[in-house]
Amino acid sequence: MLSAFLSRQRVAYFSMEIGVRADLPTYSGGLGILAGDILRSAADLDLPMVGVTLIARRGYFRQILSPEGVQHEEPDPWNPSDTCTPLDAKVSVSIEGREVWIRAWLHVMEGHTGDRLPVIFLDTDLPE
């Protein structure tokens with residue numbers, strides 16, 4: 001699947017969150033929506049881009065209103081293996097004196113015209 005995107009150089013678009021789909025909790029607000037819209041537009045225009053973002057498996061929440069109108073937050077976890085393909089490569093970086101291992105997941109975003117664009121989610125929830 002990844003090989004379909006390796007035929008040309010790409011510009012990387014880095015964002016802390018990317019709204020790839022409305023039903024996936026990969027964003028919490030405007031920044032994620034903007035990043036997702038930019039990447040969908042790039043897919044529609046067949047621009048050579050790749051999105052790069054972080055995985056926050058439990059970092060976001062769903063807002064619920066009670067019958068009295070009071071907002072409550074509920075966890076909104078997601079599992080990247082449900083919508084992404086794991087990539088083989090792993091890398092480690094030293095952060096505050098300890099090794100942190102990172103792996104990547106590939107999500108293929110489809111634009112309104114059917115063109116596709118890769119989004120790479122960086123994941124540190126690893127046994128290492």
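To be clear, the structure that these remarks concern was listed above.
Per chain, residue numbering runs from 1 following the sequence as it is written. Totals for whole chains, interfaces and linings use every residue, but because this is a predicted model, local features are given only for residues with pLDDT of at least 70 and side-chain atom pairs only at 80 or more, for both listing and counting. Note: side-chain values were computed over all heavy atoms of the structure, leaving out hydrogens and water.

Undergrad: Got a sec to walk through the nonpolar core? Specific residues and values, please.
TA: Definition of nonpolar core: a set of buried residues of the types Ala, Val, Leu, Ile, Met, Phe, Trp, Tyr and Cys, connected through side-chain atoms within 4.5 Å. Accessible area is worked out with a 1.4 Å probe on protein chains only. A residue is then buried under 20% of its type maximum, exposed over 50%, and partly exposed in between. Judged by nonpolar contacts, the single largest core of 16 residues is most densely connected at I18, V20, L39, M109, L117, V119 and F121. A run of DSSP states H or I qualifies as a helix once it reaches four residues; a run of E qualifies as a strand once it reaches two. Both are numbered from the N-terminal end. Mapped onto this core, the elements with two or more residues apiece are α1 (30-44), β6 (98-110) and β7 (116-123). By residue number, the principal contributor to this core is α1, which donates four residues. When residues no more than four places from it in sequence are discounted, the contact partners of V20 are T26, R40, H107, M109, V119 and F121. Judged by nonpolar contacts, the second largest core, of seven residues, contains F5, V50, L87 and L106. The contact criterion used is simple: two residues touch if any of their non-hydrogen atoms lie within 4.5 Å.

Undergrad: Could you give me a rundown of the side chain of S15, with the residues and numbers involved?
TA: With respect to the helices and strands, S15 occurs in the loop between β1 (11-14) and α1. Classification of S15 by relative accessible area gives buried; the value is 10%. In protein, a polar contact means a hydrogen-donor-capable atom and an acceptor-capable atom, both N or O and within 3.5 Å, with residues adjacent in sequence counting only if both atoms are side-chain atoms; elsewhere, any N or O pair within 3.5 Å suffices. Polar contacts involving the side chain of S15 include one to the main-chain carbonyl oxygen of E17, which spans 2.8 Å. Setting aside residues no more than four positions away along its own chain, S15 makes contact with L31, A35, V52, T53 and L54.

Undergrad: Outline the environment of W101, listing residues and values.
TA: Positionally, W101 belongs in strand β6. Each C-alpha atom of the pair W101 and E128 lies 6.4 Å from the other, and the pair is 27 residues apart in sequence. Setting aside residues no more than four positions away along its own chain, W101 makes contact with K90, V91, S92, D123, T124, L126 and E128.

Function cannot be read off these values alone, since they describe shape.
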